[in-house]
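Spelled out from the first residue to the last, the chains are:
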Amino acid sequence: MPAYALFLRAVNVGGTGKLPMADLRQMLSDIGCTHITTYIASGNAVCHFDGSGKALRSKLETALETYAGKPVGGFVLTQPELDALLTAQPFEGAGNQIMCLLLDHTPTTLTPKNQTDEALKIGPDCIFIHYPNGMSRSRLTLPEHTLGTARNLNTMVKVQTLLAKI
(Lines give C-alpha, C1' and ligand atoms only; values in the text may rest on other atoms or scores of the structure.)
Protein backbone atom coordinates (compact mmCIF):
# COMPACT_ATOMS: atom_id res chain seq x y z
CA MET A 1 0.00 0.00 0.00
CA PRO A 2 1.49 3.39 -0.99
CA ALA A 3 2.69 5.81 1.69
CA TYR A 4 1.92 9.52 1.55
CA ALA A 5 2.89 12.74 3.29
CA LEU A 6 0.03 15.19 3.91
CA PHE A 7 0.32 18.92 4.47
CA LEU A 8 -2.95 20.72 5.27
CA ARG A 9 -3.54 24.39 4.59
CA ALA A 10 -4.52 26.90 7.31
CA VAL A 11 -4.88 24.39 10.13
CA ASN A 12 -4.27 25.60 13.69
CA VAL A 13 -2.46 28.71 12.47
CA GLY A 14 -3.25 32.01 14.14
CA GLY A 15 -6.36 30.64 15.79
CA THR A 16 -8.00 29.61 12.51
CA GLY A 17 -8.98 26.22 11.26
CA LYS A 18 -8.94 24.39 14.58
CA LEU A 19 -8.33 20.70 13.99
CA PRO A 20 -7.00 18.56 16.84
CA MET A 21 -4.56 16.01 15.49
CA ALA A 22 -6.59 13.21 17.14
CA ASP A 23 -9.53 14.29 14.96
CA LEU A 24 -7.29 14.33 11.88
CA ARG A 25 -6.05 10.81 12.64
CA GLN A 26 -9.64 9.60 13.02
CA MET A 27 -10.66 11.34 9.80
CA LEU A 28 -7.79 9.68 7.94
CA SER A 29 -8.73 6.31 9.39
CA ASP A 30 -12.36 6.84 8.36
CA ILE A 31 -11.35 7.42 4.72
CA GLY A 32 -9.25 4.27 4.62
CA CYS A 33 -5.78 5.32 5.72
CA THR A 34 -3.59 3.12 7.90
CA HIS A 35 -0.29 3.53 9.76
CA ILE A 36 -1.20 7.15 10.48
CA THR A 37 1.22 9.48 12.24
CA THR A 38 0.72 13.21 12.71
CA TYR A 39 3.50 15.70 13.35
CA ILE A 40 2.97 18.90 15.31
CA ALA A 41 -0.43 20.54 15.34
CA SER A 42 -0.25 22.37 12.00
CA GLY A 43 -1.76 19.63 9.84
CA ASN A 44 1.12 17.36 8.91
CA ALA A 45 0.63 13.62 8.64
CA VAL A 46 1.96 10.48 7.03
CA CYS A 47 -0.10 7.40 6.22
CA HIS A 48 -0.68 4.48 3.94
CA PHE A 49 -3.62 4.62 1.53
CA ASP A 50 -4.72 2.03 -1.00
CA GLY A 51 -5.15 4.40 -3.91
CA SER A 52 -3.60 7.33 -5.71
CA GLY A 53 -2.48 10.55 -4.08
CA LYS A 54 -5.16 12.33 -6.09
CA ALA A 55 -7.85 10.02 -4.65
CA LEU A 56 -6.49 10.50 -1.13
CA ARG A 57 -6.47 14.28 -1.52
CA SER A 58 -10.05 14.28 -2.82
CA LYS A 59 -11.34 12.12 0.04
CA LEU A 60 -9.41 14.11 2.63
CA GLU A 61 -10.57 17.50 1.34
CA THR A 62 -14.19 16.28 1.32
CA ALA A 63 -13.85 15.03 4.92
CA LEU A 64 -12.18 18.27 5.99
CA GLU A 65 -14.91 20.39 4.43
CA THR A 66 -17.55 18.36 6.25
CA TYR A 67 -15.61 18.77 9.52
CA ALA A 68 -14.80 22.48 9.17
CA GLY A 69 -17.87 23.66 7.27
CA LYS A 70 -15.63 25.27 4.65
CA PRO A 71 -13.04 24.10 2.13
CA VAL A 72 -9.67 23.15 3.60
CA GLY A 73 -6.92 22.48 1.09
CA GLY A 74 -4.28 19.85 1.37
CA PHE A 75 -1.20 18.64 -0.43
CA VAL A 76 -0.34 14.96 -0.80
CA LEU A 77 3.17 13.80 -1.71
CA THR A 78 4.69 10.38 -2.20
CA GLN A 79 8.13 9.56 -0.80
CA PRO A 80 9.82 10.10 -4.20
CA GLU A 81 8.00 13.41 -4.68
CA LEU A 82 8.99 14.65 -1.22
CA ASP A 83 12.57 13.43 -1.69
CA ALA A 84 12.82 15.24 -5.06
CA LEU A 85 11.39 18.42 -3.57
CA LEU A 86 13.89 18.44 -0.71
CA THR A 87 16.77 17.57 -3.02
CA ALA A 88 15.84 20.63 -5.10
CA GLN A 89 15.97 22.92 -2.05
CA PRO A 90 18.71 25.39 -3.03
CA PHE A 91 19.53 27.34 0.12
CA GLU A 92 22.10 27.06 2.86
CA GLY A 93 20.96 28.14 6.29
CA ALA A 94 19.06 27.16 9.38
CA GLY A 95 16.05 24.94 8.72
CA ASN A 96 13.72 27.38 10.46
CA GLN A 97 14.79 30.17 8.07
CA ILE A 98 13.98 28.24 4.89
CA MET A 99 10.35 27.79 3.87
CA CYS A 100 8.79 25.58 1.25
CA LEU A 101 5.52 26.95 -0.12
CA LEU A 102 3.72 23.95 -1.61
CA LEU A 103 1.59 24.67 -4.68
CA ASP A 104 -0.53 22.74 -7.19
CA HIS A 105 1.73 23.83 -10.03
CA THR A 106 5.23 25.03 -10.71
CA PRO A 107 5.12 28.81 -11.16
CA THR A 108 6.93 30.27 -14.15
CA THR A 109 7.46 33.71 -12.63
CA LEU A 110 7.32 35.30 -9.20
CA THR A 111 5.93 38.71 -8.27
CA PRO A 112 7.13 39.35 -4.72
CA LYS A 113 6.21 42.52 -2.88
CA ASN A 114 8.18 44.10 -0.05
CA GLN A 115 11.18 41.85 -0.70
CA THR A 116 14.32 42.93 1.13
CA ASP A 117 16.94 40.29 1.95
CA GLU A 118 14.75 37.25 1.29
CA ALA A 119 15.82 34.92 -1.49
CA LEU A 120 13.27 33.05 -3.61
CA LYS A 121 13.68 30.09 -5.91
CA ILE A 122 11.09 28.17 -7.88
CA GLY A 123 11.11 24.45 -7.20
CA PRO A 124 8.97 21.49 -8.27
CA ASP A 125 5.38 22.57 -7.49
CA CYS A 126 6.72 24.91 -4.83
CA ILE A 127 8.58 28.08 -4.03
CA PHE A 128 11.55 27.98 -1.68
CA ILE A 129 12.05 31.10 0.41
CA HIS A 130 15.11 31.87 2.52
CA TYR A 131 14.55 34.34 5.34
CA PRO A 132 18.14 35.06 6.54
CA ASN A 133 16.90 37.35 9.32
CA GLY A 134 13.92 35.19 10.27
CA MET A 135 10.41 35.01 8.93
CA SER A 136 8.89 37.08 11.73
CA ARG A 137 10.81 40.20 10.62
CA SER A 138 9.94 39.82 6.96
CA ARG A 139 7.23 41.81 5.19
CA LEU A 140 7.53 39.72 2.02
CA THR A 141 4.25 38.89 0.29
CA LEU A 142 3.62 36.63 -2.67
CA PRO A 143 0.27 36.17 -4.42
CA GLU A 144 1.00 32.43 -4.31
CA HIS A 145 0.72 32.42 -0.50
CA THR A 146 -3.06 32.27 -0.88
CA LEU A 147 -2.82 29.19 -3.12
CA GLY A 148 -0.56 26.95 -1.08
CA THR A 149 0.73 26.06 2.32
CA ALA A 150 4.19 26.70 3.73
CA ARG A 151 6.38 24.62 6.01
CA ASN A 152 9.87 25.32 7.22
CA LEU A 153 12.67 23.01 6.16
CA ASN A 154 12.88 21.42 9.62
CA THR A 155 9.24 20.31 9.37
CA MET A 156 9.62 19.05 5.81
CA VAL A 157 12.65 16.95 6.75
CA LYS A 158 10.91 15.55 9.83
CA VAL A 159 7.87 14.54 7.77
CA GLN A 160 10.23 12.98 5.19
CA THR A 161 11.82 10.92 7.97
CA LEU A 162 8.42 9.85 9.33
CA LEU A 163 7.27 8.87 5.85
CA ALA A 164 10.33 6.69 5.34
CA LYS A 165 9.57 4.82 8.58
CA ILE A 166 5.97 3.78 7.91
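Residues numbered from 1 in each chain as written. Predicted model: local features only at pLDDT ≥ 70, side-chain atom pairs only at ≥ 80, totals over all residues. Heavy atoms only, no water.

**Q** If you had to explain the side chain of Gln160 to someone new, which residues and values would you point to?
**A** Tracing the sequence through the fold places Gln160 in helix 4 (residues 153–165). A distance of 2.8 Å separates a polar atom in the side chain of Gln160 from a polar atom in the side chain of Asp83. Apart from the residues within four sequence positions on either side, Gln160 is in contact with Gln79, Leu82, Asp83 and Leu86. (Helix = DSSP H or I, 4+ residues; strand = E, 2+ residues; numbered from the N terminus. Polar contact = N/O pair within 3.5 Å; in protein donor to acceptor, adjacent residues only side chain to side chain. Contact = heavy atoms within 4.5 Å.)

**Q** Please give an account of the nonpolar core that cites residues and values.
**A** In summary, soluble globular proteins display a tendency toward joint burial of nonpolar side chains. Counting 20 residues, the largest nonpolar core has Leu6, Leu19, Leu24, Leu28, Leu56 and Leu60 as its most contacted members. Listed by contribution, the elements that provide at least two residues to this core are strand 1 (3–8), helix 1 (21–30), strand 3 (44–48) and helix 2 (53–68). Counting 19 residues, the second-largest nonpolar core is a separate cluster that includes Phe75, Leu86, Met156 and Val159. (Core = buried A, V, L, I, M, F, W, Y, C linked by side-chain atoms within 4.5 Å. Buried < 20%, exposed > 50% of the residue type's maximum accessible area, 1.4 Å probe, protein only.)

**Q** Run through the sheet that holds strand 4 (residues 74–78), naming residues and quoting values.
**A** Ordered by their spatial adjacency, 4 strands build an open sheet running 2-3-1-4, and the pairing between neighbours is antiparallel. Since the sheet does not close on itself, it has two edges, and those belong to strand 2 (34–39) and strand 4, each with one partner. Strand-to-strand twist in this sheet, taken as the mean axis angle between neighbours without regard to direction, amounts to 20 degrees. Where strand 1 meets strand 4, 5 bridges bridge the pair, whose relative direction is antiparallel. (Pairing = 2+ DSSP bridges. Axes fitted to C-alpha atoms, helices over the stretch in contact; angles between N-to-C directions.)

**Q** Tell me about the environment of Leu77, and name the residues and values.
**A** Structurally, the position occupied by Leu77 is in strand 4. On the basis of relative accessible area, Leu77 is assigned to the buried category, the value being 13%. Each C-alpha atom of the pair Leu77 and Met156 lies 11 Å from the other, and the pair is 79 residues apart in sequence. Apart from the residues lying within four places of it in its own chain, the contact partners of Leu77 are Ala3, Tyr4, Ala5, Phe7, Leu82, Leu85, Leu102 and Leu163.

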